[in-house]
Amino acid sequence: MRALIILSAIFLCFTNNLSAQDMDKEKDAIIIKSIFDESLSNGTCYERLRSLCKDVGPRLSGSPGADKAVDWAVEQMEAMGFDKVYKQACMVPVWERGDKESCVIKSKYAKKEEPLNVCALGYSHATPKGGITAEVVKVNGIEEVKAMKAGALKGKIVFYNRPMDERMIETFDAYGGCVDQRSRGAIEAELKGAVGSIVRSMGLRNDDYPHTGTMAYGTEPMATIPAVAVSTKGADDLEAWLERDPELEIELKVNSRNLPDKESFNVIGEITGSEYPDRFIVVSGHLDSWDLAEGAHDDGAGVVHSLEVVQLFKQLDIRPKHTIRVVLFMNEENGTRGARKYAEEVKEKGEYHLVAIESDSGGFVPRGFCVEGTGILPMRMLTQISKWEELLEPYNLHRFKEDYSGVDIHLLKDQNFPLVGFYPDPQRYFDIHHTELDVFESVNKRELELGAASIASFVYLSDKYGILAPVKKMIPNNRKASDL
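This structure is a prediction, so every number in the text was calculated from the model and none was measured.

## Quick word on helix H2 (residues 45-56)
Between its first and last C-alpha atoms H2 spans 15 Å; for twelve residues at 1.5 Å apiece the expected length is 16 Å, and the two agree. Every buried residue of H2 is accounted for by Cys-45, Tyr-46, Arg-48, Leu-49, Ser-51, Leu-52, Cys-53 and Val-56. The inward-facing, buried residues of H2 contact helix H3 (64-80), helix H9 (296-315) and helix H14 (445-465). Looking at the residues trailing H2, positive phi occurs at Gly-57, about 85 degrees.

## Details of the nonpolar core
In this structure, Leu-287 and Val-459 are the most contacted members of the largest nonpolar core, which totals 60 residues. Among residues more than four places away in sequence, those in contact with Leu-287 are Arg-59, Ala-69, Val-70, Ala-73, Val-267, Val-303, Leu-328, Phe-329 and Met-330. Among the nonpolar cores identified, the runner-up in size contains 55 residues, and Ile-105, Val-158, Ile-198 and Met-215 belong to it.

## Examining the pairing of strand S14 (residues 366-372)
Of all seven residues in S14, six are buried, a share of seventy percent or more. For S14 and strand S16 (residues 419-424), the ladder comprises six bridges, and the chain directions are antiparallel. Directly across from Val-371, in S16, lies its bridge partner Val-420. Where S14 lies against strand S15 (residues 399-402), four bridges are found, and the strand directions are parallel. Directly across from Val-371, in S15, lies its bridge partner Glu-402.

## Quick word on the packing of H2 against H9
Contact pair H2 / H9: the axes reach a minimum separation of 9 Å and the direction vectors enclose 135 degrees. Between H2 and H9, the angle falls in the class oblique. As H2 packs across H9, the resulting crossing turns out to be right-handed. On H9, the residues that touch Cys-45, Arg-48, Leu-49, Leu-52 and Cys-53 of H2 are Ala-296, Gly-300, Ala-301, Val-303, Val-304, Leu-307, Glu-308 and Gln-311. For the contact of H2 with H9, the per-class residue count stands at nine nonpolar, two polar and two charged.

About the cut-offs
- Residues numbered from 1 in each chain as written.
- Predicted model: local features only at pLDDT ≥ 70, side-chain atom pairs only at ≥ 80, totals over all residues.
- Heavy atoms only, no water.
- Helix = DSSP H or I, 4+ residues; strand = E, 2+ residues; numbered from the N terminus.
- Expected span 1.5 Å × (residues − 1).
- Buried < 20%, exposed > 50% of the residue type's maximum accessible area, 1.4 Å probe, protein only.
- Contact = heavy atoms within 4.5 Å.
- Core = buried A, V, L, I, M, F, W, Y, C linked by side-chain atoms within 4.5 Å.
- Pairing = 2+ DSSP bridges.
- Axes fitted to C-alpha atoms, helices over the stretch in contact; angles between N-to-C directions.
- Parallel < 35°, antiparallel > 145°, perpendicular 65-115°, else oblique.
- Left-handed = near helix turned anticlockwise from the far one by under 90°.
- Nonpolar A, V, L, I, M, F, W, Y, C, P; charged D, E, K, R; others polar.

The structure is reproduced here in C-alpha cells:
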C-alpha cells in the first residue's frame, strides 16, 4: 500500500511537471505566433529598408554615404525609443572607385574592339591615365600562379577563371572555395611580374553584372597593380576568345584611389534588461555597403532585422530580462575595423554576452541559425536549441547546425561568447552579392518580415531560457562562459 502511495505521488509530481512544462510551451507558442503576426501585419522593417536604400543609398566605409548612414541609424534608434543610443568611434580605410572602369579585348581576329563588363576590386590601384595594354594569361586558380617561376607573368595580365562550384548545395561553401583568387589573386600575380589582374566574378548565375569585393588589406606585400572583376558572361567570352587567339591583348583602365584613413562609427542602441541589465543579447548587422548599389541585402536587411527585433518587442510589450544591444557595425566589407573596435572594448570592459547574433546573409526566406563558439559551446547551444525546435518548426525554421556565424561577431570568438548567425535560404544571394543589382527592389517584403520575426523569436527564447544547455555542475550567475 505504501509503495502504491509513493508511486502515485511520483506519478502526480511527474504529470504536474509535464503540465507546467506544457503550459510554458503553450505560452511560448502564443508569444512566438504574436511576433510573426505582428511582423507580417504591422512590421516596419520594409519601409525602414526603403529609407536606408533610397534616402541614404550606397555607403562604402569612409564615404559621404557612410557618414549619412551613421546619422540615419542614430535617428532611427532615438525615434524608436531606445534607452541608450551612442556611437563607437573607429578609424576606417577610404577607397574611391572614380570614373567607371573599362576593359577591351584586342585580337587579330576581331573586326572591332570587344568590350568586357568589369568593375574594380576594393583597394585596387589605378592604371596610368591612358590605361594598360598587355597579353592575357588564363589560370584556373591561385595555386597555379603560386607554382609559377619568378617572372613567369612579367608584363602580362593574369585572368583567374575558376568558377564557384555549382554542384555545392551550400552556396557559401562554393563562394569560399574560390574567393581567394579575388582577395589574394592580384598579390600573387604581381609577385610573378604581372601588371594587372582580372578575376571571374563570385556568382553562380551567367549574366553581365560584375561583382566587386575587397582584396586582402593589411597584408605584406600589398598589391599595387590594378585588379578588376569581370562578369561571369564576360569571363566565358574572354575564355572563348583566348581559345581562338592565345596571344590576344586587353586594354584595361581603372581610375580608383586609396586615401588616408578617417574616423567613422559603429552605432549602438540598448534596451535595458529588467533583471540582468549588465548581461547583453547582441543583435547585429553592418551599416556599410559596396558602392555599386544600395546594399539592400548586404547588409541593409541585417540592419533593419536588428532594429525590428526591438520594434516588435516594444509593439508587443515584451520586456526582456537581459539588455538587448543592437550593434550596427561599420567597415565589414573592406576591413572589419568596426568589429575589431567593438571586440576590443568588450574585452577591456569585461562585458558579458549571453549571445551575439548576426544577420548578414540577405533578406531571403528564413531557414534557421548557425552556431559558433569555442570548445563545447556549439554542442551546448545546439542542445538548448533542440528544445525549441517544436516552437520554431511551424515557421519553417529547421536548419540548426554548427557553422560560421558572421564576419563581425566572429571576432568575439576568442572571448568564448556564444555566437549565432541568422541563416536565410542562400540560393539567390550570390546572384546579386556585391553587384549593382543589390537594390531595395530586389528584396521581398514578406521574406524580410519573416526574417525579422525569426530573429525576434530566437531573441525571446534566448532571453527567457538562456542559449547554453546546463552542464552537470551549476555555474553561479556571476560566472562567464569562459570559466567553463
